[in-house]
Amino acid sequence: MSTPVPVLTIDGPSGAGKGTVSRFVASRLGWHYLDSGALYRAVGVAASWADLDLSDPAALVRCTFDTEVRFEEDGGSLRVFVNGTDATEELRLETTGTLASAIAAIPEVRAALKERQRAYRLPPGLVADGRDMGTVIFPDAPTKVFLTASAEERARRRHNQLKEKGVSVTFDGLLREILSRDARDAQRTVAPLKPADDAVLLDTTGLSIDEVVDRVLALVPARAD
Ligand code: DC
């Protein structure tokens, strides 16, 4: 039997630094990268483009099956095309994250995205970033990490990012938004946000991105290729 393609899962709440850390780790390993949150965000954007009723789960499930998502490498960052349209900026909006979190609570939407996420497991390896990568999508992953940071630190990081982009939001508003998204992601009945039993917990509060990347890389067994 051939050896399964290795997967490193990086789960955790929003703002824990998963995206940046996962991209750097994938690039250092030369592995593929799956931003699973972008898939949920893409469905949210497609649903809002189509003016769908968000209280109609059947329509959202149809939309999930119909939404085509394509990632394109663009000088170290990723551009995301939804049904052929570059939606990178819209996907990053706070409102899109909230929409994605609501849609992600629908079990049939999660089921519809399951195999699509698994299809990213290609040689030489995959770094998968999300909420349920280690628990549901890749339960056999040999290396699982759960990144955390205090809610205040996550709100502070997000606040700084938005300030740099010239977007004006209050720290308190962001903190409230982060806490309510955490609660919704952790309390949903299907695939709630929680560490896999065999995940390594890594608190990134007070650590630099480089320090987190090094600690994560140290967990990946040396490859014999
Ligand atoms: O990681 P992110 O902020 O882009 O994710 C947006 C929302 O999508 C998040 O609040 C919950 C949902 N999500 C999920 O339920 N499962 C995943 N694997 C990834 C994201």
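Before reading further, recall that the structure is shown in the block above.
Residues numbered from 1 in each chain as written. Predicted model: local features only at pLDDT ≥ 70, side-chain atom pairs only at ≥ 80, totals over all residues. Heavy atoms only, no water.

Enquirer: Quick question: what am I supposed to make of the sheet that holds strand β3 (residues 69–74) here?
Expert: Adjacent strands of a sheet form backbone hydrogen bonds with each other and so pair up, either parallel or antiparallel. Taken together, the three strands give an open sheet; going across it, the order is β3-β4-β5, and neighbouring strands pair in antiparallel fashion. The strands lining the two open edges of the sheet, one partner per strand, are β3 and β5 (85–86). Inspection of the sheet shows β3 paired to strand β4 (residues 77–82) by six bridges, in the antiparallel sense. Within β4, the position partnered with R70 by the bridge is F81. (Pairing = 2+ DSSP bridges. Helix = DSSP H or I, 4+ residues; strand = E, 2+ residues; numbered from the N terminus.)

Enquirer: I'm lost on the packing of helix α8 (residues 151–164) against helix α9 (residues 171–187) in this one. Help?
Expert: Helix-helix packing is described using two parameters, namely the angle between the two axes and the distance between the axes. Direction vectors running N to C along α8 and α9 enclose 125°, while the axes themselves pass 9 Å from each other. One element, α8, and the other, α9, form an angle in the oblique class. Both α8 and α9 take part in a crossing whose hand is right-handed. Mapping the contact onto sequence places A151, E152, R154, A155, R156, R158, H159 and L162 in α8 and F171, L174, L175, I178, L179 and D182 in α9. Residue composition of the contact of α8 with α9, grouped by class: eight nonpolar, one polar and five charged. (Axes fitted to C-alpha atoms, helices over the stretch in contact; angles between N-to-C directions. Parallel < 35°, antiparallel > 145°, perpendicular 65-115°, else oblique. Left-handed = near helix turned anticlockwise from the far one by under 90°. Contact = heavy atoms within 4.5 Å. Nonpolar A, V, L, I, M, F, W, Y, C, P; charged D, E, K, R; others polar.)

Purely geometric stuff here, so don't read any function into it on its own.
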